[in-house]
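Secondary and tertiary structure notes
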Amino acid sequence: MSQRAGWFAWLIFMIGALYFVLPLFGTFVFSLQKVRGSIGFSAYTAAFANPDFLRTFLFSSLIAVLTIVASLALIVPTAFWVNLRMPRWRGVVEFITLLPFVIPAIVLVFGVIRTYGKPLTLFGIPLLPPLLNTELSTNIVLVAAYTVLSLPYMYRATDNGLRAMDVRTLAEAAQSLGASWVTVLMRVILPNLRTALLSGALLTFAIVIGEYTIAAFLARPMFGPYLQLQVRNRAYEAAALTIVAFALTWLAMGIIDLITRQRSTPLTGGR
Amino acid sequence: MTFLALTNVRKVFPNATTPAVDDFNLSVQRGEFVSFLGPSGCGKTTTLRMVAGFEHPTAGAITIDGRDITGVRPNQRNIGMVFQSYALFPNMTVADNIGFGLKVKGASKAEIKQRVAEMLSLIKLEQLGGRYPYQLSGGQQQRVALARALAIRPQLLLLDEPLSALDAKIRVSLRNEIRAIQRQLGITTIYVTHDQEEALSLSDRVVVMNAGVIEQIGAPFEVYNFPKTAFVASFVGTLNIFEARVSDPAAGVLQLSAATILVSPSHLSGRRAGEAVKVAMRPEMIHVKSTGAADENRLTGVVENVAFLGAVARIHLRVGEMTVLVDEFNNPHLAVPAVGSALTCYFAREGCIVLA
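Residues numbered from 1 in each chain as written. Chains lettered and ligands numbered in written order. Predicted model: local features only at pLDDT ≥ 70, side-chain atom pairs only at ≥ 80, totals over all residues. Heavy atoms only, no water.

Description of helix 3 (residues 109-122) of chain B
Residues and elements named next belong to chain B. Its 14 residues place the ends of helix 3 20 Å apart at the C-alpha level, agreeing with the 20 Å of an ideal helix rising 1.5 Å per residue. Buried within helix 3 are the following residues: Ile112, Arg115, Val116, Met119, Leu120 and Leu122. Down the axis of helix 3, the sector holding all buried residues measures 150 degrees, keeping them to one side. For helix 3, exposure combined with an orientation more than 90 degrees from the buried face picks out Ala110, Lys113 and Gln114. Among the structural elements, helix 2 (94-104), helix 4 (138-151) and helix 5 (168-185) are those in contact with the buried residues of helix 3. Phi turns positive one or two residues past the end of helix 3, at Lys124, with a value near 60 degrees. (Helix = DSSP H or I, 4+ residues; strand = E, 2+ residues; numbered from the N terminus. Expected span 1.5 Å × (residues − 1). Buried < 20%, exposed > 50% of the residue type's maximum accessible area, 1.4 Å probe, protein only. Arc of directions from axis to C-beta. Contact = heavy atoms within 4.5 Å.)

Digging into the interface of chain B and chain A
Of the residues lining the interface, 32 residues belong to chain B; the matching set on chain A comes to 26 residues. Together, the buried faces of chain B and chain A total about 2,300 Å²; carbon and sulfur atoms form 59% of this surface. When the buried surface of chain B facing chain A is broken down by residue, Asn75, Pro90 and Tyr134 of chain B rank first, second and third, together holding 24% of it. For the pair chain B and chain A, the number of links is two salt bridges. (Buried area = accessible area lost by both parts, 1.4 Å probe. Salt bridge = Lys/Arg side-chain N within 4 Å of Asp/Glu carboxyl O.)

Digging into the confidence of the model for chain B
Residue-level pLDDT values for chain B average 92, and 99% of them are 70 or greater. Across the assembled chains, the prediction reports ipTM 0.84 with pTM 0.78. (pLDDT = per-residue confidence, 0-100.)

Thoughts on the confidence of the model for chain A
In the predicted model, chain A carries a mean pLDDT of 87, and 95% of its residues have values of at least 70. Confidence, expressed as mean pLDDT per element, reaches its minimum in chain A at helix 12 (residues 235-262) of chain A with 80 and its maximum at helix 7 (residues 167-176) of chain A with 94.

What about the sheet that holds strand 17 (residues 322-329) of chain B?
Residue and element names in this part refer to chain B. If you walk across this open sheet you meet the four strands as 17-16-15-18, and the pairing is antiparallel. Each having just a single partner strand, strand 17 and strand 18 (342-347) make up the two edges of the open sheet. With direction set aside, neighbouring strand axes in the sheet form an average angle of 50 degrees. Pairing of strand 15 (residues 297-308) with strand 18 involves six bridges; the strand directions are antiparallel. Along strand 18, the bridge assignment pairs Thr300 with Thr344. (Pairing = 2+ DSSP bridges. Axes fitted to C-alpha atoms, helices over the stretch in contact; angles between N-to-C directions.)

Quick look at the side chain of Arg282 of chain B
All names here are of chain B. Looking at the element boundaries, Arg282 is found in the loop between strand 14 (276-281) and strand 15. An unpaired buried charge is present at Arg282: no salt bridge exists, and Glu284, the closest side chain of opposite charge, is 4.9 Å distant. With sequence-adjacent residues up to four places away left out, Arg282 is seen in contact with Tyr224, Pro227, Ala233, Val236, Gly237, Thr238, Leu239, Asn240 and Gly351. (Lys, Arg positive; Asp, Glu negative; His and termini not counted.)

Things to note about the nonpolar core
Core analysis: the biggest nonpolar cluster contains 62 residues, and Ile189 of chain A together with Leu4, Phe24, Phe89, Leu158 and Ile190 of chain B have the highest contact counts within it. Ranked by the residues each element gives to this core, the list is headed by helix 3 (residues 51-84) of chain A, at seven residues. Those residues in contact with Ile190 of chain B that sit more than four places away from it in its chain are Leu4, Val28, Val34, Phe36, Leu48, Leu156, Leu157, Leu158 and Leu159 of chain B. If you look at the next biggest cluster of nonpolar residues, it comprises 33 residues, including Leu120, Leu128, Leu163 and Ile187 of chain B. (Core = buried A, V, L, I, M, F, W, Y, C linked by side-chain atoms within 4.5 Å.)

Following this line, the structure appears as structure tokens:
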């Protein structure tokens, strides 16, 4: 009975794996056929040779790094405080951080454009000039929008990291030794969250690199819209870039796995 | 002279109907070792946390050396604390853990190095300064936690059930080590535990707590032998407690359900004949062989069970409706009675405590 169930589970797994791998394999094979009648990497060479590739990729990387910094600044103190002082608010904070999963990016970007495309006022009092008028302010809005998109990943990773250690006791131990809240956060909590934060950061990086909707509607030179443009005009190069994007994501996942395995020692408890 | 004083301290947590700690008054002398003993939820850890500054009293005041610290932040109290879960910083080596407090206070590298070496020597872990907490056993981790708390030269040391997570043998050796270090440094110490053996063996004085209030404060000998309340009597040590009725208060005669016994008349002063009381006796005060004329009381019953506890054999003797626990000290020639056999036990009237 259990052996049959085992086979059935394997069958389902294989179907799922094929469903995922086959299109990817097809894309990879397609990307190798740029030159008619031969197999080669000329699509990759052409894609990398395009100056727009490097330009959009570097810009997306910069935005991703800035998003990670903003996310860390927002999420770490919030998750720390929720774990330590306001555990009753955990449900509310988790709900808010999961909202980007239920609100489509297209809704988010229209909201952003409607709100920040004109002067922001409160009861007729001007608070902010239109933020989408200059490149710099649009980039700031872009980073803010991506920070919202990264909330589920970054909060989950940080919260998991905090739950893996006894935050309250560690903080109290540090306080009893004379540490202020800032010292507790910087010298005790953050160093022990390194792995969790790295996981969240790499996931955020992968999301920002491949994001299309917000970047396209805010008209920023990001990698996502560039990739979409390639799909329309240069099918082989687009296929090559898709494979490269997948490879980068997997590389990020591999790094997470490697770091997590290296730091598999317990955070508390004895031998 | 009083060093630490808690005056009318009360703590009511938000949304709680009853106070966690109520009307808590305690004076601790400099260099004294005081234990808070009580069951889970009795308020002992809450009281300790108020002294540490992690909880704020709803009412009352806490002073150290005459200075009111009730509103002082925990990081400005200079109080060392050791936690049940060790709370060592996982990202730091043993030496870095011990030196953390000094580093926070801005001590020089040379000063930190010297103090860390002193502390490592104090806990006899000189060779393990470079290890990380996860590379140490539980006992070693707790010694490091103690060294870390002491490294800052605190004015007061607080220990919150520091041995609860350790196995029995290490618990005993480490508690002796803690006491030796405390005596060596002469540091005023508050120790929270639910383990009566720990409290009795370590402390100069024991504060027995129940339901947020102090039941009794006294030296271990006093608390064990002269419990003031039924709770202290039943919580500290093993005790036989029986319902009784006063027959003759002047002669110290009590009527149990299955026998008549004698107690010291002083225990019955102010009692009237016919009044219901509770009488208690320690199992080790009852003998299966009469030790002489002092053993005025005797109870005869049937042996229900015999439990061998190492140092003693505990006999469960059924006397009418009562089960009497009798401890016989172990020796190689001990004749353990058979279950089901008839047995008479003896005890002196001085061994009986009439509870309030």
